[in-house]
Amino acid sequence: MGGQQSFRETFARGGSLLQGGPLLNRERAEKVLKEESLDGLIVAEPVNVFHLTGYWPQLGKMGFAAPSMALLSADAKKPVALVMPQFLYYYVYADANFSGDVEPYLYTHRAVSGTAIQGDYDEPAAGALHVYRDKGDVPMGELELHRRAAVEAAAERHGVSAEREFAMVRAARALDMTGGRIGVDHIAIMAMLESSPLSATAVPADNTLRKIRLVKSPREIELMRLAAQANAEAALAAVAAVREGATTQELRAAFFAEAAGRGNAGVFMAIDRMITEVADFEFREGAAFFVDCVSSGWHYHGDFARTIFLGEPAAAMRDATRAMHIGWEAIREHLRPGLRYSEIPPIGQKAVRAAGLDFDIPFSPHSVGLTHTDEPGQEGRPYWIKDDLTLEPGMVLSVDCPVLNTGIGGSAHMEDLSLITADGAEPIHTITDPVIVV
């Protein structure tokens, strides 16, 4: 994928992709749920609601806990259900014109408060639909007419509940998720299920959700291409301006600004082995250092690293960058379905040794997606205990190639994102030389 992307291009394409609704690979989800004997998922963490519906809960962006929920049945014939406040359906969701297979279950949050379901199930009456009051001085505009029609249609379709708990129960019943094992990602859902009439057992499902996210749908892959290309372009534009006397803070600010100009939001930038945003120092002629740049577009992440030579570096730095490039090129030729994570580092390290070079380079793989490290961990253990995963088509993979040696006159790293295909791998952003000379 080449050519510079403008903010307008990425925004328009990303928005149209999101309007399709659920982003997840439904076939993958069905497979994982079956393997884990789960009858469905109920999620409230914004990243998971977004993945299941295409909608990032507005109140989640503002710090509210579990304001919206998404329900996914193990039965692939069932739609995804979205539980959300009625007013925000009217005020936010309706404007997006989603066209995907998502059924809304609204609640007014006005009749009762706290945990509504306790003891006998007796749902109170919901409040009236909350919309802006029409004073009638001039005709309502198209935006307002569309919003009202959308929320009224949603309310007519599934009714409106008084509280999120009741809306959750209504949605679960519609999806036949009234018993069995339900994967959840939030303590609030566990509490709701314990006091609800659903007779379901809540099972922690963070690892389950990461397993599903590991293999991406076609629309997710397109969003990853947009995010990764914008991220790489932003990194290259930022480092092109580095000069003697410039500071790390200025470089980081330039990367964040360049990312924003391409539709991405900066996440972090490691500079010369330092990732803290507090430290600051000036670059000097002859400096050799790496940048590792991460930003997100439409919540999907790019991850890109290169080594920068500011003038003529030490001879050891040229050898270090040559070593990491040789190792990564050898790995790229071997990436394909069936290869295990544990098999990747030795490929690169063997190539480095064969070239007569002696550097410590981990060539460590990780999946990238809705988070920088978007993969499950070992079964029954936290995701950061890395599992020996097998590459599958639809995965987006990074292989970290930092040189873990000091006393070489600087720091070196390179990193690209590759899509695993049916018979190999392909880059999802423009590939440049491993070293940038400024």
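Analysis parameters
Just so you know, the residues in each chain are numbered from 1, in the order the chain's sequence is written. In keeping with the predicted nature of the model, local features appear solely for residues at pLDDT of at least 70, side-chain atom pairs appear and are counted solely at 80 or more, and the whole-chain, interface and lining totals rest on all residues. As a convention, hydrogens and water are excluded, and side-chain values are obtained from all of the structure's heavy atoms. By definition, two strands form a pair when at least two bridges between them are found by DSSP. Counting from the N terminus, the helices are the DSSP runs of H or I reaching at least four residues and the strands are the DSSP runs of E reaching at least two. Axes, fitted as lines to C-alpha atoms, cover a helix only where it is in contact. Angles between the N-to-C directions of the axes lie from 0 to 180 degrees. In this description, contact between two residues means that some pair of their heavy atoms is separated by no more than 4.5 Å. Residue-level confidence of the predictor, termed pLDDT, takes values from 0 up to 100. Expected helix span is computed as 1.5 Å times (number of residues minus one). Here a polar contact means two N or O atoms within 3.5 Å. Within protein one must be a hydrogen donor candidate and the other an acceptor candidate, and residues neighboring in sequence count only if both atoms are side-chain atoms. Two kinds of site are reported from a 1 Å grid over the protein atoms alone, namely cavities, where a 1.4 Å probe fits but cannot get out, and pockets, open sets with protein on both sides within 12 Å along at least five of seven lines, and residues are called lining when an atom falls within 4 Å of a point. Grid points are joined across faces, edges and corners, and a volume is the space filled by probe spheres set on the points.

Asks: Please clarify how the sheet that holds strand β15 (residues 435-437) should be interpreted in this entry.
Replies: For sheets, the rule is that strands pair by backbone hydrogen bonds, running either parallel or antiparallel. Taken together, the 4 strands give an open sheet; going across it, the order is β8-β9-β10-β15, and neighbouring strands pair in mixed fashion. Sheet topology places β8 (265-271) and β15 at the edges, where each strand pairs with a single neighbour. Neighbour-to-neighbour, the strand axes of this sheet turn through a mean angle of 30°, independent of strand direction. Sheet topology note: the strand β9 (residues 288-297)/strand β10 (residues 300-309) ladder contains 10 bridges and is antiparallel. Residue pairing for β10: Phe 290 is matched across the bridge by Thr 307. Across the sheet, helix α12 (residues 315-334) lies against β9, β10 and β15, angled at about 145° from β10, the strand it touches most.

Asks: How should I be thinking about the confidence of the model for the chain in this particular structure?
Replies: Caution applies to low-pLDDT parts of the model: their predicted coordinates are not meant to be read in detail. Per-residue pLDDT for the chain averages 93, and the proportion of residues at 70 or more is 95%. Across residues 110-120 the pLDDT falls below 50, and counting only partners more than four positions away or on other chains, this stretch makes 22 contacts in the model.

Asks: It is not clear to me how helix α11 (residues 248-261) should be interpreted in this structure. Could you clarify?
Replies: Every α-helix carries 3.6 residues per turn, so stepping three or four residues along brings you back to the same face. The first and last C-alpha atoms of α11 sit 20 Å apart over 14 residues, in line with the 20 Å expected at 1.5 Å per residue. Elements in contact with the buried residues of α11: α10 (218-239), β8 and β9. Gly 263 sits one or two residues past α11 and shows a positive phi near 95°.

Asks: Quick question: what am I supposed to make of the side chain of Ser 73 here?
Replies: Counting through the fold element by element, Ser 73 comes out in strand β2 (residues 69-73). A distance of 3.0 Å separates a polar side-chain atom of Ser 73 from the backbone nitrogen of Asp 75. Those residues in contact with Ser 73 that sit more than four places away from it in its chain are Arg 26, Leu 33, Asp 39, Gly 40, Lys 78, Leu 175 and Met 177.

Asks: Even after reading the chapter, I still don't get the layout of surface pockets, so can you show me in this structure?
Replies: With a probe scaled to a water molecule rolled over the atoms, the places where space remains empty come into view. In this structure, the largest pocket encloses a volume near 420 Å³. Around the largest pocket, the lining comprises 19 residues; the ones closest to its centre are Leu 18, Gly 54, Lys 61, Phe 98 and Trp 298. Those elements that provide at least two residues to the lining of the largest pocket are α1 (7-18) and α4 (58-61). At 3 residues, the largest contribution of residues to the lining of the largest pocket is made by α1.

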